[in-house]
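The chain contents come next:
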Amino acid sequence: MSYSTADSLRSVTLDDVRGAQKMLTGVARTTAMEGSRYLSQLVGSPVHLKCENLQRTGSFKLRGAYVRIAGLLPEERAAGVVAASAGNHAQGVALASSLLGVHSTVFMPVGAPLPKISATRHYGAEVRLHGQVVDETLAAAQEYAAETGAVFIHPFDHPDVIAGQGTVGLEILDQCPEVGTIVVGMGGGGLAAGIAVAVKSIRPDVRIVGVQAAGAAAYPPSLAAGHPVTVANPATMADGIKVGRPGDVPFAIVRELVDEVRTVGEDQLSAALLLCLERAKLVVEPAGAGPVAALLAEPGAFAGPVVAVLSGGNVDPVLMQRVLRHGMSAQGRYLAVRLRLTDRPGALATLLGVLSAADANVLDVSHVRTDPRLGLSEAEVELHLETKGPAHCTEVGQALREAGYTVID
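Since the model is a prediction, treat every value here as computed from it, not as a measurement. (Residues numbered from 1 in each chain as written. Predicted model: local features only at pLDDT ≥ 70, side-chain atom pairs only at ≥ 80, totals over all residues. Heavy atoms only, no water.)

Student: Quick question: what am I supposed to make of the sheet that holds strand S6 (residues 151–152) here?
Tutor: Sheet strands pair by backbone hydrogen bonding; their relative direction is either parallel or antiparallel. One open sheet holds the four strands; their spatial order is S5-S4-S3-S6, and the pairing between them is parallel. Both edges of this open sheet fall to strand S5 (126–129) and S6, since each of them pairs with a single strand only. As judged from the four bridges shared by strand S4 (residues 104–108) and S5, these two strands associate in the parallel manner. Bridged to Met108 within S5 is Leu129. Running over the sheet, helix H7 (residues 134–148) touches strand S3 (81–84), S4, S5 and S6 and is turned about 165° from S3. (Pairing = 2+ DSSP bridges. Helix = DSSP H or I, 4+ residues; strand = E, 2+ residues; numbered from the N terminus. Contact = heavy atoms within 4.5 Å. Axes fitted to C-alpha atoms, helices over the stretch in contact; angles between N-to-C directions.)

Below you can see the structure in the form of structure tokens.
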């Protein structure tokens, strides 16, 4: 199943996906399908999580990369392969190449997280750091391919890649044959396109819903225009779906087979990641949490049973800390207050006593005595508190006011 440049835009069929599934036997895991009681209650019908975050290399990307490289001609394999990625595709190409005995070179941005660089090297790729953004990295990889004859492995814009990703759809039908809606994250569209081909060919009644980050949503304007449109300066914490332009091959499939594309905001992504960690005990990267974010945003919009595809779990620990804080803040579980009090011994201890009695956990305290805005006997205190939710935030604020403190907005 190898395509030349001339026929790289050919459609992907169910036979292609089934062929990819056979090729991936013993290579890609059949990932778990976990039920979510919390989301099921919220949506009003069964919700299952398809755990591609537990796939080898931590994402679905291994599937498409392996099928693409395995389909190369002998002389193409001998020339090696090259890819550009900030993370998941890099690791998928690296492992697939190693398993097939093909030399791989992966270009990654200079600022790529160290764990992802280390993992890509560990899987056997030669890593080259180039550029500050993925577009620069991509250009370098394509230049390398032109100079050396190495085959460029696109992360989503090739039929072989889409066929490989489509095997997720076949697994969903096997694991949840009664599925009514599949919700899947979208960047370039390879995963959504592959799932749509596999599922719609067998169960055309199943609704396929794509989810994009609002700050990097190229599909809505592209679908409206009838052709791929580039979104300038895409911005989102979900780097796995931060793609400025849909791929030509997946776009044609998405336009025909995907029923709806929704967008979610950064607060919703953070809350979804936090929910996956707390409720499902699953580590999911922001891009992988997109489908859960869509369910949280409008739970009544999805006919069940629902399968939400958790596409990846490769999240940098530093980013995870920031996202978790952001998610807790979005859920009203952090409270920042600024107030003034009399500058005398024991005043701060008294304030902390009030907060303790209100069951608020103090995370950080900033105590200012020398600001010119303050009176001679005044001090200003800014506190960051961990609370139990919006209602508790209100209770804490009320407790402070009842104790005689002036809370500054």
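And the narrative resumes.
Student: What exactly am I supposed to notice about the packing of aromatic side chains here?
Tutor: Two aromatic rings are characterised by how far apart their centres lie and by the angle between their planes. Per the stated rule, a full pass over the model turns up two aromatic pairs. Residues Tyr219 and Phe251 carry aromatic rings whose centres are separated by 6.1 Å and whose planes lie at 25° to one another, so their mutual orientation is stacked. In this pair, Tyr219 sits in helix H10 (residues 219–225) while Phe251 sits in helix H11 (residues 248–257), placing the two residues 32 residues apart along the sequence. With respect to class, Tyr219 is no different from Phe251; both count as buried. (Phe/Tyr/Trp six-rings, centres within 6.5 Å; stacked < 30°, edge-to-face > 60°. Buried < 20%, exposed > 50% of the residue type's maximum accessible area, 1.4 Å probe, protein only.)

Student: Looking at this structure, I do not really get the side chain of Thr57. What am I missing?
Tutor: Its location among the elements puts Thr57 in the loop between strand S2 (47–51) and helix H3 (61–70). In this view, Thr57 contacts Leu62, Gln91, Gly92, Leu95, Tyr123 and Asn314; residues no more than four positions away in its chain are not counted.

Student: Please clarify how a nonpolar patch on the surface should be interpreted in this entry.
Tutor: A grouping of Leu352, Val362 and Val365 is seen on the molecular surface, where their side chains present a nonpolar patch of about 180 Å² in accessible area. Tracing the chain through its elements places Val362 in strand S12 (residues 361–368). (Patch = residues over 30% accessible without salt bridge, like charges linked within 9 Å, V, L, I, M, F, W, Y side chains within 5 Å. Areas by Shrake-Rupley, 256 points an atom, 1.4 Å probe, with all protein chains shown as cover. Salt bridge = Lys/Arg side-chain N within 4 Å of Asp/Glu carboxyl O.)

Student: In this structure, what is going on with unusual backbone geometry? I would like to understand it.
Tutor: As a rule of thumb, non-glycine residues mostly have phi less than zero, and peptide bonds are mostly trans rather than cis. A cis amide bond links Gly304 with the next residue in sequence, Pro305, at an omega value of -10°. Relative to the assigned elements, Pro305 resides in the loop between helix H13 (290–297) and strand S10 (306–310). Of note in the backbone geometry, Thr57 takes a positive phi value of approximately 70° without being a glycine. Phi angles above zero are rare outside glycine, and Asn233 is one such case at about 50°. Looking at the element boundaries, Asn233 is found in the loop between H10 and H11. Since its relative accessible area comes to 70%, Asn233 is described here as exposed.

Student: Help me understand the packing of helix H9 (residues 190–202) against H11 in this model?
Tutor: Axes are the key here: two packed helices are described by the angle between their axes and the distance separating the axes. Axis separation between H9 and H11 bottoms out at 9 Å; the angle between their running directions is 50°. Taken together, the axis directions place H9 and H11 in an arrangement best described as oblique. The hand of the H9/H11 crossing is left-handed. Between H9, through Gly190, Ala193, Ala196, Val197 and Lys200, and H11, the contact on the second element is made entirely by Pro250, Ile253, Val254 and Leu257. A breakdown of the residues in the contact of H9 with H11 according to their chemical character gives seven nonpolar, one polar and one charged. (Parallel < 35°, antiparallel > 145°, perpendicular 65-115°, else oblique. Left-handed = near helix turned anticlockwise from the far one by under 90°. Nonpolar A, V, L, I, M, F, W, Y, C, P; charged D, E, K, R; others polar.)

Student: Help me understand the side chain of Ser36, please; the structure alone is not making it clear to me.
Tutor: With respect to the helices and strands, Ser36 occurs in the loop between strand S1 (33–35) and helix H2 (37–43). On the accessibility criterion, Ser36 (9% relative accessible area) is buried. In this structure the side chain of Ser36 is engaged in a polar contact, spanning 3.2 Å, whose partner is the backbone nitrogen of Leu39. In this structure, Ser36 is in contact with Val47 and Leu49, ignoring residues within four places of it in sequence. (Polar contact = N/O pair within 3.5 Å; in protein donor to acceptor, adjacent residues only side chain to side chain.)

Student: Can you help me understand the pattern of salt bridges in this one?
Tutor: Between side chains of opposite charge, a pair can form when the charged atoms approach closely. Enumeration over the complete set of coordinates arrives at 11 salt bridges. Between Lys116 and Asp239 there is a salt bridge, with its nearest N and O atoms 3.4 Å apart. Taken as a pair, Lys116 in helix H6 (residues 114–122) and Asp239 in the loop between H10 and H11 lie far apart in primary sequence, 123 residues in all. Judged by its relative accessible area of 32%, Asp239 falls in the partly exposed class. One salt bridge in this structure joins Arg203 and Asp205, with 2.8 Å as the shortest N-O distance.

Student: So what exactly am I meant to see when it comes to the nonpolar core here?
Tutor: Of all hydrophobic cores here, the largest spans 62 residues; its most connected members are Ile69, Val81, Val93, Ile182, Ile195, Ile208 and Val309. With eight residues, H9 is the largest single contributor of residues to this core. Once you skip the residues sitting within four places of it in the chain, Val81 turns out to touch Ile69, Leu72, Val93, Ser97, Val102, His103, Ser104, Thr105, Ala150, Val151 and Ile153. Among the nonpolar cores identified, the runner-up in size contains 34 residues, and Ala213, Ala287, Leu295 and Val306 belong to it. (Core = buried A, V, L, I, M, F, W, Y, C linked by side-chain atoms within 4.5 Å.)

Student: Explanation requested: the packing of H3 against helix H5 (residues 88–100) in the structure shown.
Tutor: At a minimum axis distance of 8 Å, the contact between H3 and H5 shows a crossing angle of 45°. The angle between H3 and H5 falls in the class oblique. Crossing geometry of H3 relative to H5 is assigned as right-handed. Residues Lys61, Leu62, Ala65, Tyr66, Ile69 and Ala70 of H3 pack against Asn88, His89, Gly92, Val93, Leu95, Ala96, Ser97, Leu99 and Leu100 of H5. Of the residues belonging to the contact of H3 with H5, the class tally is 10 nonpolar, four polar and one charged.

Student: Any chance you could explain the state of the cysteines here in plain terms?
Tutor: By definition, a disulfide links the sulfur atoms of two cysteine residues through a covalent bond. Inspection of the entire model under this criterion finds zero disulfides. Cysteine Cys51 remains unbridged, with the sulfur of Cys276 as its closest cysteine sulfur at 8.7 Å. By relative accessible area, Cys51 is classed as buried at 0%. (Disulfide = S-S within 2.5 Å.)

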